[in-house]
Amino acid sequence: MTASVQSLQLLKTSLFQKSSNEDFLDAPLRVVLSYRRAKVIALAHKLDISDIRNLTTKFWNLHVDPIVAFDGAAFTLITIQYNLVIGTLSKYLSKREDLWPVVEDLLNYKLIGQFCLSELGRGLDIYHLKTTATLLDDGSFDLHTPTSYDAKYMPPTIPVLGIPCVAIVFARLYVNGEYRGIRPFLVSLNDGYSMCRGVTATQLPPRGGSKPVNHSITSFDHVILPPTALLGSLSMPKAIHNDFMESISRLSVGSLALASATTSGLAICTNIAALYSIRRHVTGMDGLTPVPIISFSTQRKPVLTALALSYVLRYFYKKSVSLFLDERDPRVKRGVSACAKAVMIVRSQASILELSERCGAQGLYGYNQMSCLFSEIHGTSIAEGDILVLSIRLAMDILMGKYIMPPPADASSLLATHESALIQECREKMRSHSKSLDMTEAINRYALPSCQKIVEAIGHRIAYEAAIEAQLPQCIVDLFVASTIRKDPSWFIETKKISRRDISEMEQRGMEQALPRLEELLNGLGVRAYITSPIISDKAWEEYQHELPHFGGGVVGNQSFSFSATRAYL
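Residues numbered from 1 in each chain as written. Predicted model: local features only at pLDDT ≥ 70, side-chain atom pairs only at ≥ 80, totals over all residues. Heavy atoms only, no water.

## Remarks on the overall build of the protein chain
Argument step 1. Summing up its helical and strand segments, the protein chain has 21 helices and eleven strands in all.
Argument step 2. A globule of 570 residues ought to have a C-alpha radius of gyration of about 25 Å, and the protein chain, at 26 Å, matches this closely.
Argument step 3. The principal-axis extents of the C-alpha atoms in the protein chain amount to approximately 90 × 70 × 55 Å.
Argument step 4. Buried residues in the protein chain amount to 52% of all 570 residues. (Helix = DSSP H or I, 4+ residues; strand = E, 2+ residues; numbered from the N terminus. Rg over C-alpha atoms; globule rule 2.2 N^0.38 Å. Buried < 20%, exposed > 50% of the residue type's maximum accessible area, 1.4 Å probe, protein only.)

Okay, here's the thing in structure tokens:
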């Protein structure tokens, strides 16, 4: 999460020169702008197929480049194209030389790529999707959407920029009436101007708050695909479910990659709130002297806590990537990804919301980046797997003893004991109630409500270990630990005999050490160049306000209103 040479150069180009005019653009024009930004960001990082297939440092550097927080829509488009589409195709290249030109065009944005998996009527129940692909006598396939609820939901498939669009579409494969599992197919959707025959895309309205993406509902009316559209074999797999999970393995990469947006997003919001809190003054207790609002504990606590989170999450992300790459068990890989996504997104969302509130009315507007970044991070909590659903899958596997996550470096640490206690407590609840209740109901009542807490506890422990390994300042560690304890204070008070006063003193100690180093620590996040919010300085605000539409005139109005007239208006 440090400024990259590539993106710093891009900031100097007209495509990234933010002005008030952008805030007033209609959604279709903003969508086009995001597509153009996505292309130049991706090309600036110069990834090749080996970087994407092998998840090299260049691949992860693209995702942690602070410029991705500049335009969340552009980041969404990049992750779909590079990770989901090219990443999936890369698995078939060794046996499919005909796919190389497609991949090259996707890498160079001569093609737009989309990933059509989930359906309107099923959401995350993807294993039971209904889109079908039936093998015909001549070797071609009939791709069909049986009902409107079986349409692919959200991928932005409508024509844009005159660039042709292809998609990896997942469908139930039928051969001679036999179901052979869910398979990926490479399908042409549009030529950049019009949809292909039999393919229909219904554009959804923009999501509130975030940069707009042309999300759509996409259906197929007996679209005939060539034999080469199928990615993989026609044969019946040994294990249909395992084969399907392997075909969507880039989703777990995507969960981890998308979480990277929080590192830059939170760092930017922390800088904005801190600089605004230093700049903004109110009249002091003496009624005369102006004092900066950062001097109030109610202001500096959320700012300094967010600052600590920004640092810890940066190193937590690096450690998560390392664990993900080193792990061979795909189930544990998915677990690492789920823990990182849960902690990074949940903690960032809560922190950004509080920072936004502490900036008053200014925090409400998109031009100050915070509300927009909050909405975009909220979107990533759903993309590539909803956090709660990912947590349920992981926690239930752990509770059932199917596998174990990477063990703690220090099992006696506060956060490690919290993690193990939550798991043990949940197991005991399930065991004690399984005699009086059906096991399914016991799980529903006593396990499911604890699943996300367990996953977050694992993530918090790994994050703490990452902070210690990185030798972060003690004030950063203290603020992170204290804020984590506050997420489940009753357990620490009951079990570890940590009083509310102890928690407050840990926070106070961290703030007293961090506040004198505020400027240094803010600069250390390396995101100042990516801030477009005008509230960080008087000069920036004056320049921004000057660009806004002004209304004036010479009409002489009647400024005198009687009480009765005013009352009548009301």
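## Some points on the side chain of S252
Argument step 1. Mapped onto the fold, S252 is located in helix α9 (residues 250-279).
Argument step 2. Once you skip the residues sitting within four places of it in the chain, S252 turns out to touch F324, R334 and S337. (Contact = heavy atoms within 4.5 Å.)

## Quick word on the sheet that holds strand β8 (residues 216-220)
Argument step 1. Taking strand neighbours across the sheet as the criterion, the three strands line up as β4-β8-β7 in an open arrangement whose pairing is antiparallel. Each edge of the sheet is formed by a strand with only one pairing partner; in this case those strands are β4 (152-154) and β7 (199-203). Each strand of the sheet is rotated relative to its neighbour by a mean of 15°, with strand direction disregarded.
Argument step 2. Strand direction decides the pairing type here: β4 and β8, joined by three bridges, are antiparallel. Counted as the bridge partner of K152 is T218 from β8. (Pairing = 2+ DSSP bridges. Axes fitted to C-alpha atoms, helices over the stretch in contact; angles between N-to-C directions.)

## Digging into helix α13 (residues 387-399)
Argument step 1. The end-to-end C-alpha separation of α13 is 18 Å, in line with the 18 Å expected for 13 residues at 1.5 Å each.
Argument step 2. Taken residue by residue, α13 has I387, L390, S391, L394, A395, M396, D397, I398 and L399 as its buried positions.
Argument step 3. Two or three places before L388, at the opening of α13, D386 has a side-chain oxygen 2.9 Å from that residue's backbone nitrogen.
Argument step 4. Where α13 ends, the next residue or the one after it, G401, has phi of about 75°, a positive value. (Expected span 1.5 Å × (residues − 1). Polar contact = N/O pair within 3.5 Å; in protein donor to acceptor, adjacent residues only side chain to side chain.)

## What about the nonpolar core?
Argument step 1. Counting 168 residues, the largest nonpolar core has L89 and F185 as the members making the most contacts within it.
Argument step 2. Leave out the neighbours within four places in its chain, and F185 touches A133, F141, A167, I168, V169, A171, L173, L225, A229 and L230. (Core = buried A, V, L, I, M, F, W, Y, C linked by side-chain atoms within 4.5 Å.)

## Side note on the pattern of salt bridges
Argument step 1. In this structure the tally under the stated criterion is 25 salt bridges.
Argument step 2. With a closest N to O distance of 3.5 Å, E519 and R528 form a salt bridge.
Argument step 3. You can call E519 partly exposed: its relative accessible area is 40%.
Argument step 4. Salt bridges here are not isolated pairs; linked through shared partners, they connect E119, R122, D150 and K152. (Salt bridge = Lys/Arg side-chain N within 4 Å of Asp/Glu carboxyl O.)

## Quick word on the state of the cysteines
Argument step 1. Across all of its chains, the model carries zero disulfides by this definition.
Argument step 2. No disulfide involves C426; its sulfur sits 6.1 Å from that of C451, the nearest cysteine. (Disulfide = S-S within 2.5 Å.)

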